[in-house]
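Overview (structure and organization)
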Amino acid sequence: HPFSPRKIIIATENSVYILDLEKIQLEQIMDSKNIKSLALSNNELFVVDSDNHLLISNLIIKNFASTTLPEYAVKNFKINADGTKIFLHSTSSQLGLYNRFNNQLSIIGENIKDFYLAPDNKRLALIDNKNNISIFFLEDYEGDTIHKKNSSGNLKINSGEITTFE
């Protein structure tokens, strides 16, 4: 559970529950046929089911929203901490960035095997089907180098050492 150490979220194939460890009480918070994947933000639970529905449950005020994702076969997904950016990994190895407020999907990567969101929620590490690693910048970034929003760079690794970042 994202904000209560005395609660655990339990998911089955068709339902999601919250188990209160103090009260030993089980509360069903969502049901859907064939849950494919789920993720948590700071205060919301997100579920994608086999019918390509995105189900969202606010764990604080306990409201619920549902939308059908654009034609896109979701394999798995991840969400940034505040729940505003939803990264959808398709069965055809595309990576999409879904905007839940305007129901728009932007493809940000092709031939993606896996991806990881940085703890600062400003960058994505993308691993393609040939095990190449690239970094996608979700917003303007200033660190050792400066990168513009929606730009990316590739890591060149030789013998375990990063030799260049282009």
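Above this text you will find the structure in question.
Residues numbered from 1 in each chain as written. Predicted model: local features only at pLDDT ≥ 70, side-chain atom pairs only at ≥ 80, totals over all residues. Heavy atoms only, no water.

**Observations concerning the overall build of the protein chain**
- The secondary structure content of the protein chain amounts to zero helices and 18 strands.
- Based on the C-alpha atoms only, the size of the protein chain along its principal axes is roughly 55 × 35 × 30 Å.
- For the protein chain, buried positions account for 36% of its 166 residues.
- Taking the contacts inside the protein chain whose residues are at least 6 apart along the sequence as the reference set, 23% of them involve residues at least 24 apart. (Helix = DSSP H or I, 4+ residues; strand = E, 2+ residues; numbered from the N terminus. Buried < 20%, exposed > 50% of the residue type's maximum accessible area, 1.4 Å probe, protein only. Contact = heavy atoms within 4.5 Å.)

**Remarks on the sheet that holds strand 1 (residues 7-11)**
- As summarised here, the arrangement of the three strands in space is 1-2-3, forming an open sheet in which the pairing is antiparallel. The open sheet has two edge strands with one neighbour each: strand 1 and strand 3 (25-31). Strand after strand, the sheet turns through a mean of 25 degrees between neighbouring axes, direction not considered.
- Taken together, the six bridges between strand 2 (residues 15-20) and strand 3 define a ladder with antiparallel strand orientation. Counterpart to Ser15 in the pairing with strand 3 is Asp31. (Pairing = 2+ DSSP bridges. Axes fitted to C-alpha atoms, helices over the stretch in contact; angles between N-to-C directions.)

**Quick word on the side chain of Ser134**
- Structurally, Ser134 is set in strand 14 (residues 133-137).
- For Ser134, a relative accessible area of 15% puts it in the buried group.
- If sequence neighbours within four positions are ignored, Ser134 has contacts with Leu124, Ala125, Leu126, Gly153 and Asn154.

Distances and angles like these do not, on their own, reveal function.
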